[in-house]
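Fold and contact review
Chain residues, written in single-letter form:
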Amino acid sequence: MAAVSPEDGMSKLDINGKDAAGKTNGTGGQHGKNGEIEPGDSDEDEAEEGEDGTANGEGTAKKKKKRKPRKKKKTGASVAPGQSSPPRVEVSKLFPDNAYPIGEEVKYKNENAYRTTSEEKRALDRSNSDYLIDYRQGAEIHRQVRTYARANIKPGMSLTEIAEMIENSTRALTGHPGLEEGDNIKGGVAFPTGLSINHCAAHYTPNLGNKTILQQSDVLKVDFGVHLNGRIVDSAFTMAFEQRFDPLLEAVRAATNTGIALAGIDARMSEIGAGIQETMESHEIELNGQLFPIKSIRNLNGHTITPYSIHGGSSGKSVPIVASPNNTDRMEEGETYAIETFGSTGKGYVRDDGEVSHYARNPDAPKNTPLRISSAKGLLRVIDKNFGTLPWCRRYLDRLGQEKYLLGLNCLVQSGVVNDYPPLVDIKGSYTAQWEHTILLRPNVKEVVSRGTDY
């Protein structure tokens, strides 16, 4: 979930259960090209070519074999062993011993290289490893849900259909439907599913009654989170259905991987931002005969993640995606980060625009803030008992059976008890893309916990 710059006020894991990450307990192996599957890679075509050929010399003596029609490549659901389609089997039942796949483990370098072999750091890592079960379970759920989503999201679907596909799968795989009071605080959906199209970069999810239909020419950012016991896995990807947008998607994915590579204990935020911007802005894209530079969106950032706080609360740190020499923050041991980058063909700057759908409780709001509308008090109780400090959207209130709550909700926002997060947009006619991963700065190794074979 995107973080706005404060100054603006606003792989390795095999989803099929195989050992692409190296193991489920131990150190990770190495990817080929970051574990990405190249577009068009398949051995199906080659196999079919062999079946259709004839032996030398037989073509003139015998009647030619009728060429078999090429099989259409499957575009339907892809699921992990034991998983249903759509995903509905709790992931904990697929991993009864809690041996969830380990993310991409990256050794620290330079002055922190000693951490890899330091027995003290390894012992510290082992002694504090319980939290990793929640993160790795959440990451496996994210991979399984997004694998199904990426295979099934198609032009012609409504954004509501897409959001519910992702959210219902997430709730089922965590085992937390979220309908009983307090259940969503134990686990499930970590924040509203972001489905931002074209010039809208972030913080858009459909409200009840939204009729928006995904078009063939759209560039769709899909940003969703999974949490267990407040430990949030935040990861995002971009989909486009026309090859002309490939350079934009490739630029942003490369920029995110640069940010991940530069991140680590003691890493300077300013240097991470400069590296991301250099990678991002070394790309360009041609659209309709015009060449556009791809710009980092300078007022969007990555961010820390702390339990039940997607942006780390009031003490959270931002990870810039442009050079930021005045940012003197460094990353520290034990921190969790969402490394996310946004690229744009527009101005590279976003502003608030459009109907609000995202909200979150303001943890810094004074207790006993006077509320002049009685319905606001009841709504606040529902928010506290079902979401706590986790973000939510109006569809989630509808799902809980809340009705005629807009007046009370506006009162909570105006009183500063609840924060609203409007959609963030660049100029109309531009296109934006996003890629994001969650990383854990463990004492002896950096773990890209949300990494998969897809991205």
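Anything mentioned here points back to the structure above.
Keep in mind that what you see is a predicted model, and the values were worked out from it rather than measured.

All right, on to the overall build of the protein then. The helix and strand tally for the protein stands at 12 helices and 20 strands. On the protein, roughly 20900 Å² of surface is accessible, and the fraction owed to carbon and sulfur atoms is 48%.

All right, on to empty space enclosed by the protein then. Where empty space is left in the structure can be found by rolling a water-sized probe over the atoms. By volume, the largest cavity is sized at about 100 Å³. Lining the largest cavity, in full, are Arg-171, Pro-177, Gly-178, Asn-184, Val-189, Asn-386, Phe-387, Pro-391, Tyr-396, Arg-399 and Leu-400. In terms of residue class, the lining of the largest cavity is built from six nonpolar, three polar and two charged. Roughly 70 Å³ of internal volume is contained in the second largest cavity. Contributions of two or more residues to the lining of the second largest cavity are made by strand E4 (194–197), strand E5 (200–202) and strand E6 (219–228).

With that out of the way, let us pick up the pattern of salt bridges. All told, the structure shown has 21 salt bridges when counted by the stated rule. For the salt bridge of Glu-104 with Arg-451, the shortest nitrogen-to-oxygen distance reads 2.8 Å. Taken together, the positions of Glu-104 in strand E2 (residues 104–106) and Arg-451 in the segment after strand E20 (446–448) put the pair 347 residues apart, joining distant regions of the chain. An identical accessibility class is assigned to Glu-104 and Arg-451; each is buried. Close ionic contact of Arg-146 with Asp-454 constitutes a salt bridge, the shortest N to O distance being 2.7 Å. Of this pair, Arg-146 sits in helix H5 (residues 130–152) while Asp-454 sits in the segment after E20, and the two are 308 residues apart along the sequence. Note on Arg-146: relative accessible area 0%, which makes it buried.

Counting 66 residues, the largest nonpolar core has Ile-153, Ile-162, Leu-300 and Met-331 as the members making the most contacts within it. Broken down by element, this core gets its largest block of residues, seven residues, from helix H6 (residues 159–174). Those residues in contact with Met-331 that lie beyond four places of it in its chain are Ala-263, Gly-264, Ile-265, Asp-266, Ala-267, Met-269, Ile-272, Lys-317, Val-319, Tyr-337, Ile-339 and Leu-441. With 21 residues, the next largest nonpolar core counts Leu-379, Val-382, Cys-393 and Leu-412 among its residues.

Here the focus is helix H10 (residues 374–386). Here H10 spans 19 Å end to end across 13 residues, near enough to the 18 Å set by a 1.5 Å rise per residue. When H10 is considered as a whole, its buried residues turn out to be Ala-376, Leu-379, Leu-380, Val-382, Ile-383 and Asn-386. Axial view of H10: buried residues confined to an arc of 160 degrees, hence all on one face. In H10, the exposed positions that point more than 90 degrees away from the buried face belong to Ser-374 and Arg-381. As for H10, its buried residues are in contact with helix H7 (183–186), strand E15 (358–361), strand E16 (392–393), helix H11 (394–399), helix H12 (406–414) and strand E17 (418–421).

Turning to the side chain of Thr-336, a few remarks are in order. Tracing the chain through its elements places Thr-336 in strand E13 (residues 336–344). We classify Thr-336 as buried; its relative accessible area is 6%. Looking at Thr-336, its side chain comes within polar contact range of the side chain of Tyr-135, at 3.5 Å.

Strand order in the open sheet made by the three strands is E16-E15-E17, with antiparallel pairing throughout. What marks the edges here is a single partner per strand, and that holds for E16 and E17. When E15 meets E16, the two strands line up antiparallel, connected through two bridges. Bridge pairing links Tyr-359 to Trp-392 in E16. Along the sheet, H12 makes contact with E15, E16 and E17, crossing E17 at roughly 100 degrees.

On to the sheet that holds strand E18 (residues 424–425). Two orientations exist for strands paired in a sheet by backbone hydrogen bonds: parallel and antiparallel. If you walk across this open sheet you meet the three strands as E5-E18-E14, and the pairing is antiparallel. Each edge of the open sheet is held by one strand with a lone partner, namely E5 and strand E14 (351–352). Direction of pairing for E5 relative to E18: antiparallel, over a ladder of two bridges. If you follow Cys-200 over to E18, its bridge partner there is Val-425.

Between H10 and H12, the least distance of the axes is 8 Å, while the angle of their chain directions is 80 degrees. Classified by the angle their axes make, H10 and H12 are roughly perpendicular. In this structure, H10 contributes Ser-375, Ala-376, Leu-379, Leu-380 and Ile-383 to the contact, and H12 contributes Gly-408, Leu-409, Cys-411 and Leu-412. When its residues are assigned to classes, the contact of H10 with H12 shows seven nonpolar, two polar and no charged.

What counts as what
- Residues numbered from 1 in each chain as written.
- Predicted model: local features only at pLDDT ≥ 70, side-chain atom pairs only at ≥ 80, totals over all residues.
- Heavy atoms only, no water.
- Helix = DSSP H or I, 4+ residues; strand = E, 2+ residues; numbered from the N terminus.
- Areas by Shrake-Rupley, 256 points an atom, 1.4 Å probe, with all protein chains shown as cover.
- 1 Å grid on protein atoms, 1.4 Å probe; cavity = no way out; pocket = protein on both sides within 12 Å on 5 of 7 lines; lining within 4 Å.
- Points joined across faces, edges and corners; volume = space filled by probe spheres on them.
- Nonpolar A, V, L, I, M, F, W, Y, C, P; charged D, E, K, R; others polar.
- Salt bridge = Lys/Arg side-chain N within 4 Å of Asp/Glu carboxyl O.
- Buried < 20%, exposed > 50% of the residue type's maximum accessible area, 1.4 Å probe, protein only.
- Core = buried A, V, L, I, M, F, W, Y, C linked by side-chain atoms within 4.5 Å.
- Contact = heavy atoms within 4.5 Å.
- Expected span 1.5 Å × (residues − 1).
- Arc of directions from axis to C-beta.
- Polar contact = N/O pair within 3.5 Å; in protein donor to acceptor, adjacent residues only side chain to side chain.
- Pairing = 2+ DSSP bridges.
- Axes fitted to C-alpha atoms, helices over the stretch in contact; angles between N-to-C directions.
- Parallel < 35°, antiparallel > 145°, perpendicular 65-115°, else oblique.

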